[in-house]
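Summary of the model geometry
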Amino acid sequence: MADDIQKARALLIAPITVHSPWAALGAAALAATAAVLMAGVMILGPGIRFQDAPPVSQDLLPNG
């Protein structure tokens, strides 16, 4: 029974993992991109409007 308790305790210990610095760099780049996009939305504001593309005058299918 003491052996089972020792096995259970060994399973409860969190494994030691080494994290990659590339993951932190990627997360920082994603956060920076989101911040720049949000700042762009705040600068442009709700009054900005983009013009729609002109309608296509030619049919897309050759047989009409």
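Scroll up to find the structure.
Figured I'd write up the structure that's included with this text. Predicted model only: the values in this text are computed from it and were never measured.

Turning to the overall build of the chain, a few remarks are in order. Each helix and strand counted, the chain has 2 helices and 0 strands in total. For the chain, the residues scored as buried account for 0% of the 64 residues in total. A total of about 6700 Å² of accessible surface is found on the chain, and carbon and sulfur atoms cover 69% of it.

Per the counting criterion, the structure on display carries 1 salt bridge. Its salt-bridge partner being aspartate 3, residue lysine 7 comes within 3.7 Å of it at the nearest N-O pair. On the criterion of helical spacing, the pair formed by lysine 7 and aspartate 3 is a turn pair, its members being 4 residues apart in helix H1 (residues 2-12).

On the surface, Leu44, Ile48 and Phe50 cluster together into a nonpolar patch covering about 350 Å² of accessible area. Position of leucine 44 among the secondary structure elements: in helix H2 (residues 21-44).

So, how was this worked out
Throughout, a residue's number is its position along its own chain's written sequence, starting from 1. Where local features are concerned, this predicted model is filtered to residues with pLDDT of at least 70; where side-chain atom pairs are given and counted, the filter is 80 or more; whole-chain, interface and lining totals use all residues. Processing note: side-chain calculations cover all non-hydrogen atoms of the structure and skip hydrogens and water entirely. Numbering of helices and strands starts at the N terminus; helices are DSSP runs of H or I of at least 4 residues and strands are runs of E of at least 2. Residue exposure (1.4 Å probe, protein chains only): buried if accessible area is under 20% of the type maximum, exposed if over 50%, otherwise partly exposed. Accessible surface area values rest on a Shrake-Rupley calculation with a 1.4 Å probe, where residue burial reflects the displayed protein chains alone. Salt bridge, as used here, is a side-chain nitrogen of Lys or Arg placed within 4 Å of a carboxyl oxygen of Asp or Glu. Here the term patch refers to residues with relative accessible area over 30% and no salt bridge, with like charges joined within 9 Å and nonpolar side chains (Val, Leu, Ile, Met, Phe, Trp, Tyr) within 5 Å.

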